[in-house]
Structure formats: C-alpha cells, structure tokens
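Here is what each chain is made of, one letter per residue.
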Amino acid sequence: QVQLVESGGGFVQPGESLRLACAASRSWGSSSSLGWYRQAPGKEREFVARIMSGDGSTTYADFVKGRFTISRDAATVYLQMNSLESEDTAVYYCNEHISALYTDHDIDYWGQGTLVNVSS
C-alpha cells in the first residue's frame with residue numbers, strides 16, 4: 001500500500017505555468033507506471049501523461065503535447081504544465097499502476113487530487 005499526495009495546484013491565468021507534484025509514501029515500484037489524469041467539470045476522468053518508473057519512457061495525451069512534461073524522482077512524480085489554457089481547468093490526480101504481471105491482480109493507487117483553475 002502507498003499513499004499519494006498531490007500538490008502544486010492553484011489559480012492561474014491563461015498562458016501561465018504550474019508544476020504539480022505527487023509524493024509517495026515509499027519509492028516507486030521498479031515496474032510501475034506513473035500517471036497523471038484529470039477530471040474537468042462535466043467530463044469523465046481522462047489520461048494526461050504517463051511515465052514508466054523503470055526506464056523513464058513517457059506518453060502524452062494529444063491535447064498536452066508540447067506543453068506538459070512529466071518526470072519522476074524515486075518517490076515523486078511531477079507534471080510541469082506550461083501555456084495553460086482555460087480548457088486545462090480540472091482536478092488533477094496522480095496514479096501508480098502495478099500490472100498483474102507482477103502481482104495477483106492489477107493494482108492502482110490514486111491521490112486525492114489537486115485543483116488547477118485557469119481563468120482570466
């Protein structure tokens with residue numbers, strides 16, 4: 001079991017930047033997938049970015065390519081968000097996914113979320 005705590009959200013104007021952080025209560029699993037998801041008003045939770053704990057390979061949703069960068073340390077995953085738009089307004093959640101290939105079933109840990117509000 002791991003506890004995840006997001007931070008860094010806030011209120012910003014369009015075009016500005018924020019850096020989100022998700023701190024884990026232990027080091028990331030070597031085979032874990034670390035991700036950021038968001039849920040905007042009136043929408044379902046959607047994928048934003050992913051980084052593999054082991055090799056650092058990354059994947060991004062199309063709507064954030066060129067603007068957001070995901071990275072990680074031993075027990076923290078970050079999301080650098082530049083050129084923020086009003087459409088980025090959402091609660092952002094971090095996730096650690098452990099595949100059933102390494103356990104008896106898939107395991108997902110989630111933080112409680114941090115609010116990003118982009119408005120002029």
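Since we're looking at a predicted model, the values are computed, not measured. (Residues numbered from 1 in each chain as written. Predicted model: local features only at pLDDT ≥ 70, side-chain atom pairs only at ≥ 80, totals over all residues. Heavy atoms only, no water.)

**Notes on the nonpolar core**
Put simply, the rule is: Side-chain atoms within 4.5 Å link the members of a nonpolar core, which is a set of buried Ala, Val, Leu, Ile, Met, Phe, Trp, Tyr and Cys residues. Relative accessible area decides the class of each residue, using a 1.4 Å probe on protein chains only: under 20% of the type maximum gives buried, over 50% gives exposed, and in between gives partly exposed. Secondary structure elements are defined from DSSP: runs of H or I of at least 4 residues count as helices, runs of E of at least 2 residues count as strands, and each element is numbered from the N terminus. Every residue pair with non-hydrogen atoms within 4.5 Å of one another is taken to be in contact.
In this structure, Trp36, Val77, Leu79, Met81 and Tyr92 are the most contacted members of the largest nonpolar core, which totals 29 residues. Looking at this core, the elements that each hand over two or more residues are strand 3 (18-24), strand 4 (33-39), strand 5 (46-52), strand 7 (68-72), strand 8 (76-81), strand 9 (90-98) and strand 11 (114-118). Dropping the residues within four chain positions of it, Met81 is found in contact with Glu16, Ser17, Leu18, Leu20, Arg67, Phe68, Tyr92 and Val116.

**Topic: the pattern of salt bridges**
As a working rule, side chains carrying opposite charge can pair if their charged atoms are close by. Put simply, the rule reads: A carboxyl oxygen of Asp or Glu within 4 Å of a side-chain nitrogen of Lys or Arg is what we treat as a salt bridge.
Under the definition given, this model contains 6 salt bridges. The partner of Arg38 in a salt bridge is Glu46, and the shortest N-O contact between them spans 2.9 Å. By relative accessible area, Glu46 is classed as partly exposed at 25%. Note on Arg38: relative accessible area 5%, which makes it buried.

**Considering the side chain of Gln80**
Let me state the cut-off plainly: Contacts described as polar in this section are N or O atom pairs within 3.5 Å, which, within protein, must combine one atom able to donate a hydrogen with one able to accept it, while residues neighboring in sequence count only if both atoms come from side chains.
Of note, Gln80 is situated in strand 8. A distance of 2.9 Å separates polar atoms of two side chains, one belonging to Gln80 and the other to Arg19. A distance of 2.9 Å separates a polar atom in the side chain of Gln80 from a polar atom in the side chain of Asn82. If near-sequence neighbours (up to four positions away) are discounted, Gln80 is found in contact with Ser17, Leu18, Arg19, Arg67, Phe68 and Thr69.

**A few points about the sheet that holds strand 3**
To keep things clear, this is the line we draw: At least two DSSP bridges between two strands are needed for those strands to be called paired. Axes, fitted as lines to C-alpha atoms, cover a helix only where it is in contact. Angles between the N-to-C directions of the axes lie from 0 to 180 degrees.
The 4 strands are arranged 1-3-8-7 in an open sheet whose pairing can be described as antiparallel. Of all strands in the sheet, those with a lone pairing partner are strand 1 (4-7) and strand 7, marking the two edges. With strand direction ignored, the average angle separating the axes of adjacent strands in the sheet is 15°. Where strand 1 meets strand 3, 4 bridges bridge the pair, whose relative direction is antiparallel. Paired with Val5 across the two strands is Ala23, which belongs to strand 3.

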